[in-house]
Amino acid sequence: MYDIEDNIRRVRERIAEAADNCGRKPSEITLIAVTKTHPAEIIASAIEAGITDIGENRIQEAETKFSQLGLEEPSLKVKRHLAGHLQRNKVKKALQLFDIIHSVDSLRLAEAVSQSAAEYPEPVEILIEVNTSREESKFGLIPEETIETIEQISQLLNIKILGLMTVAGFSDDMKIVRPQFVELRKLSEKIDKMRFPNVEMRHLSMGMTNDFETAIEEGATMVRIGTAIFGERVTV
Ligand SMILES: *Cc1c(COP(=O)(O)O)cnc(C)c1O
């Protein structure tokens with residue numbers, strides 16, 4: 001059923017091709033294998049096949065699987081990304097389980113992260129999620145409020161904002177999706193110029209199975225890919 005190694009090879013080829021097509025280096029783009037709903041054995045085989053970055057959406061699910069995989073502590077081998085929505089009451093646990101949080105989407109959540117992050121020797125790495133599709137069902141700051149909120153978050157202690165993240169609208173039509181990636185990139189360029197403290201616009205986390213090539217053309221430095229590697233999810 002699963003041919004993880006082959007799928008990963010194919011995704012890497014597509015990343016390289018998309019990068020080449022727009023004059024970027026494939027090495028600028030980190031492939032995050034989004035492992036939500038897939039069991040620990042499958043994740044282990046992806047790591048075996050060279051995956052160095054994994055993404056999960058839910059704290060509880062990640063906790064169970066990470067302990068099966070021996071990834072409940074930070075490791076040099078695998079970077080653990082939280083891609084899904086985070087509730088404030090789960091922040092403490094999230095910081096134990098993840099090396100970077102892609103989904104900070106409010107000042108209040110950032111305050112909770114800042115508070116829990118005080119326990120750690122290094123600032124916690126976060127990205128700010130922006131709702132570029134403006135779909136009501138999606139999380140993220142609306143683009144118009146993003147700069148002001150980042151300015152406020154930049155005042156908090158113990159955290160480091162390393163970029164922006166978005167989940168584009170679900171569509172196969174790149175004429176619809178591309179402008180959303182463009183908006184995220186432009187926002188990031190604007191924020192970069194403002195030189196807020198603790199803010200470094202190093203990453204654009206955008207692009208999933210349906211749209212990652214377009215995201216790469218528009219500047220993605222992290223693509224989050226589940227289905228193209230692991231096949232369809234049984235549950236969401
Ligand atoms: C599930 C998920 C992905 C991966 O989606 P695919 O379409 O399976 O590649 C990426 N990012 C987030 C935030 C997700 O929830």
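Figured I'd write up the structure that's included with this text. (Residues numbered from 1 in each chain as written. Predicted model: local features only at pLDDT ≥ 70, side-chain atom pairs only at ≥ 80, totals over all residues. Heavy atoms only, no water.)

### A word on the overall build of the protein chain
Phase 1: Within the protein chain one finds nine helices and eight strands.
Phase 2: Relative to its length of 236 residues, the protein chain is compact, with a C-alpha radius of gyration of 17 Å against a globular reference of 18 Å.
Phase 3: If one aligns the C-alpha atoms of the protein chain with their principal axes, the spans along those axes are about 50 × 40 × 30 Å.
Phase 4: By the burial criterion, 51% of the 236 residues in the protein chain qualify as buried.
Phase 5: Of the contacts made within the protein chain by residues no fewer than 6 positions apart, 64% connect residues no fewer than 24 positions apart.
Phase 6: With 30 positive and 39 negative side-chain charges, the protein chain shows a separation of 2 Å between the mean positions of the two kinds. (Helix = DSSP H or I, 4+ residues; strand = E, 2+ residues; numbered from the N terminus. Rg over C-alpha atoms; globule rule 2.2 N^0.38 Å. Buried < 20%, exposed > 50% of the residue type's maximum accessible area, 1.4 Å probe, protein only. Contact = heavy atoms within 4.5 Å. Lys, Arg positive; Asp, Glu negative; His and termini not counted. Charge placed at Lys NZ, Arg CZ, Asp CG, Glu CD.)

### Side note on the environment of Glu63
Phase 1: Within the element layout of this structure, Glu63 appears in helix 3 (residues 59–69).
Phase 2: On the basis of relative accessible area, Glu63 is assigned to the partly exposed category, the value being 26%.
Phase 3: Between the C-alpha atoms of Glu63 and Phe98, which are 35 residues apart in sequence, the distance is 9.8 Å.
Phase 4: In contact with Glu63, not counting residues within four places along its chain, are Lys93 and Leu97.
Phase 5: Polar contacts involving the side chain of Glu63 include one to the side chain of Lys93, which spans 2.7 Å. (Polar contact = N/O pair within 3.5 Å; in protein donor to acceptor, adjacent residues only side chain to side chain.)

### Focus on the site of the ligand
Phase 1: Lining the immediate environment of the ligand, one finds Val34, Lys36, Asn57, Ala83, Val167, Met208, Thr209, Arg224, Ile225, Gly226, Thr227 and Arg233.
Phase 2: Side-chain polar atom of Asn57 to an oxygen atom of the ligand: 2.9 Å apart, as the coordinates give it.
Phase 3: Within the side chain of Arg224, one N or O atom sits 2.9 Å away from a nitrogen atom of the ligand.
Phase 4: For the ligand, the accessible surface in isolation is 390 Å², of which the surrounding protein chains cover 90%.
Phase 5: Here the residues of the shell around the ligand are counted per class, giving five nonpolar, four polar and three charged. (Near = heavy atom within 4 Å. Areas by Shrake-Rupley, 256 points an atom, 1.4 Å probe, with all protein chains shown as cover. Nonpolar A, V, L, I, M, F, W, Y, C, P; charged D, E, K, R; others polar.)

### Describing the pairing of strand 4 (residues 100–104)
Phase 1: The element strand 4 is largely enclosed, with a buried count of five among its five residues.
Phase 2: Relative to strand 4, strand 3 (residues 79–82) is paired through two bridges, and the arrangement is parallel. Paired with His81 across the strands is Ile100, a residue of strand 4.
Phase 3: Once the chain exits strand 3 it traverses helix 4 (residues 91–97) before rejoining the sheet at strand 4, and the crossover so formed is right-handed.
Phase 4: Two elements, strand 4 and strand 5 (residues 124–129), share three bridges in a ladder whose sense is parallel. Residue pairing in the sheet places Ile101 in a bridge with Ile126 of strand 5.
Phase 5: For the crossover that starts at strand 4, traverses helix 5 (residues 107–117) and ends in the parallel strand 5, the hand is right-handed. (Pairing = 2+ DSSP bridges. Right-handed = clockwise from strand over helix to strand, strands pointing away.)

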